[in-house]
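Results of the structural survey
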Amino acid sequence: MDTNRELLAKNDPDLYAALVGEEARQSSGVELIPSENYTYPEVLAALGSIFTNKYSEGYPGRRYYGGQEYTDVIENLARERACAVFRSEHANVQPLSGSPMNQAAYFAFLDPGDTVLAMDLSHGGHLTHGAPVSHMGTVFNFVRYKTDPDNEGKIDFDEVRKMAIESKPKIVLCGYTSYPRDYDYAEFKKIADEVGALTMADVSHIGGLIAGDAMANPMDFGFDLMTTTTHKSLRGPRGGMILCKKEHAKKIDKSVFPGLQGGPHMNTVAAVAYTLKEAATDQFKQYAKKCLTNSKTLAKTLVEEGGVLVTGGTDNHMMVLNTVESANIAIDGKEAEKVLDEVAITTNKQIIPDDPNPPLRPSGIRIGTPAATARGMGEAEMVQLGQWIMDTLRNREDASYLAKRKAEVEKFCQGFPVPGI
Ligand code: DSN
């Protein structure tokens, strides 16, 4: 009998050809976008399973449709494992992805017009942290603090306290998509307590690094809630989850369903359950630590090669290279991303703090290590990649150089098979 994959190949050759092309692209190039990763073969099996056939509105033991004996098992496994891994009292594993996850968290506690104190987009915050182009920015009143890029990206907590006292937020939010440093969660909690606000951390980027005990966990500092996507450093399927104190469990669950979403994607919930089983292992702890050592090594190499990093370095899995100011490069992030694509090194264009350039032609690129580390690359490979990145950007006008470099990168990749392909 044909396998599912063989059926797809036979019955939709165009779609199948794109799948095979993407597999070749992922295998033959180096993935350095910090929010991407290679998931486990077991996750791919769960995602492609018949759990996708099932409607499961509600929660284990309290559903609106019959036939839930196995969906209850997987959702309970996912919730219990999430609580254990993140040291949380409650977990909701149904958010379909990062943006709905944050929306559900806000609507659990806020009325339209209420204030949230969050991190400015160009300093590292996320669109859902109140960027004016996001619906969240029109529904709620976001007041946004900045970092000091010239002082290693440190946050001026006296300033944050002043803003909190003035704006009286209902939620003090910390979290980022392009901030290469760690946070002082105790300070955020202190300020929130002083103004009677809830504390929320969006750890979407570093969820895996927290699960692997390589970075601090906001729940250990008494945060009320924490949101994380499941597909970035955690290495799971595309999805989101909300961790919270028991006292907030009812509000969070009601806000996710029926407040915001309909039926959860149970194939994804199954895949999240498996991801969290992996996240509890010593092997995953080693992976998380290696993401950080790789990141430090890559950042150091970029600087040695004349690169200018936003905040001067990194404390997590990512770094932002200011391509406009880096020695002998002086191009914008869009062009840098394109040149690196040409040699099979994938990064993404990135705005820098208070960027004078527009978002589609910003001043930098963002680079991160979770995917390369999942492939087994270590510090020697990071040194090699750092040198190749800077060398490629400097030699971008030379077509024969780019062709030679691409062949070299593809050969290098053959030594690091992609999990799941
Ligand atoms: N798109 C994600 C990232 O790349 O960081 C955030 O939503």
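Presented here is a report on the structure given in the accompanying data block. (Residues numbered from 1 in each chain as written. Predicted model: local features only at pLDDT ≥ 70, side-chain atom pairs only at ≥ 80, totals over all residues. Heavy atoms only, no water.)

**A short note on the site of the ligand**
Within the structure, the ligand sits among Ser 35, His 126, Thr 177, His 205, Lys 232 and Arg 366. Ser 35 has a polar side-chain atom sitting 2.6 Å from an oxygen atom of the ligand. Contact distances for the ligand include 2.8 Å between an oxygen atom and a side-chain N or O atom of His 126. Split into classes, the residues belonging to the shell around the ligand amount to no nonpolar, four polar and two charged. (Near = heavy atom within 4 Å. Polar contact = N/O pair within 3.5 Å; in protein donor to acceptor, adjacent residues only side chain to side chain. Nonpolar A, V, L, I, M, F, W, Y, C, P; charged D, E, K, R; others polar.)

**Description of a nonpolar patch on the surface**
A surface patch of nonpolar side chains, amounting to about 220 Å² of accessible area, comprises Leu 8, Leu 15 and Leu 19. Along the chain, Leu 8 turns up in helix H1 (residues 4-11). The class of Leu 8 is partly exposed, set by a relative accessible area of 31%. (Patch = residues over 30% accessible without salt bridge, like charges linked within 9 Å, V, L, I, M, F, W, Y side chains within 5 Å. Areas by Shrake-Rupley, 256 points an atom, 1.4 Å probe, with all protein chains shown as cover. Salt bridge = Lys/Arg side-chain N within 4 Å of Asp/Glu carboxyl O. Helix = DSSP H or I, 4+ residues; strand = E, 2+ residues; numbered from the N terminus. Buried < 20%, exposed > 50% of the residue type's maximum accessible area, 1.4 Å probe, protein only.)

**Topic: the environment of His 231**
Secondary-structure assignment places His 231 in the loop between strand E11 (225-229) and strand E12 (240-244). Sequence-wise, His 231 and Thr 275 are 44 residues apart; in three dimensions their C-alpha atoms are separated by 9.3 Å. Every residue in contact with His 231, bar those within four places of it in the chain, is listed here: Ser 35, Asn 37, Ser 97, Gly 236, Pro 237, Arg 238 and Gly 239. Only 3.3 Å separates the side chain of His 231 from the backbone nitrogen of Gly 239, close enough to count as a polar contact. (Contact = heavy atoms within 4.5 Å.)

**Let's talk about the pairing of strand E17 (residues 364-368)**
Where burial is concerned, most of E17 is hidden: five out of the five residues are buried. Where strand E14 (residues 318-322) meets E17, five bridges bridge the pair, whose relative direction is antiparallel. Among the inter-strand pairings, Leu 321 is bridged to a residue of E17, identified as Ile 365. Where strand E16 (residues 348-350) meets E17, three bridges bridge the pair, whose relative direction is antiparallel. Bridge assignment links Asn 348 to a residue of E17, and that residue is Arg 366. (Pairing = 2+ DSSP bridges.)

**Section: the nonpolar core**
Counting 60 residues, the largest nonpolar core has Phe 86, Tyr 145, Tyr 183, Phe 188 and Met 241 as its most contacted members. Core analysis: the second largest hydrophobic core is formed by 32 residues, Ile 331, Val 343, Met 377 and Trp 388 among them. (Core = buried A, V, L, I, M, F, W, Y, C linked by side-chain atoms within 4.5 Å.)

**Regarding helix H11 (residues 266-279)**
Given a rise of 1.5 Å per residue, 14 residues ought to cover 20 Å, and the 20 Å separating the end C-alpha atoms of H11 matches this to within 8%. A large share of H11 lies buried, amounting to twelve of its 14 residues. Taken as a whole, H11 has its buried residues at Met 266, Asn 267, Thr 268, Val 269, Ala 270, Ala 271, Val 272, Ala 273, Thr 275, Leu 276, Glu 278 and Ala 279. Next to the buried residues of H11 lie helix H3 (41-47), strand E3 (62-63), helix H4 (69-86), helix H9 (207-211), E12 and helix H12 (282-304). (Expected span 1.5 Å × (residues − 1).)

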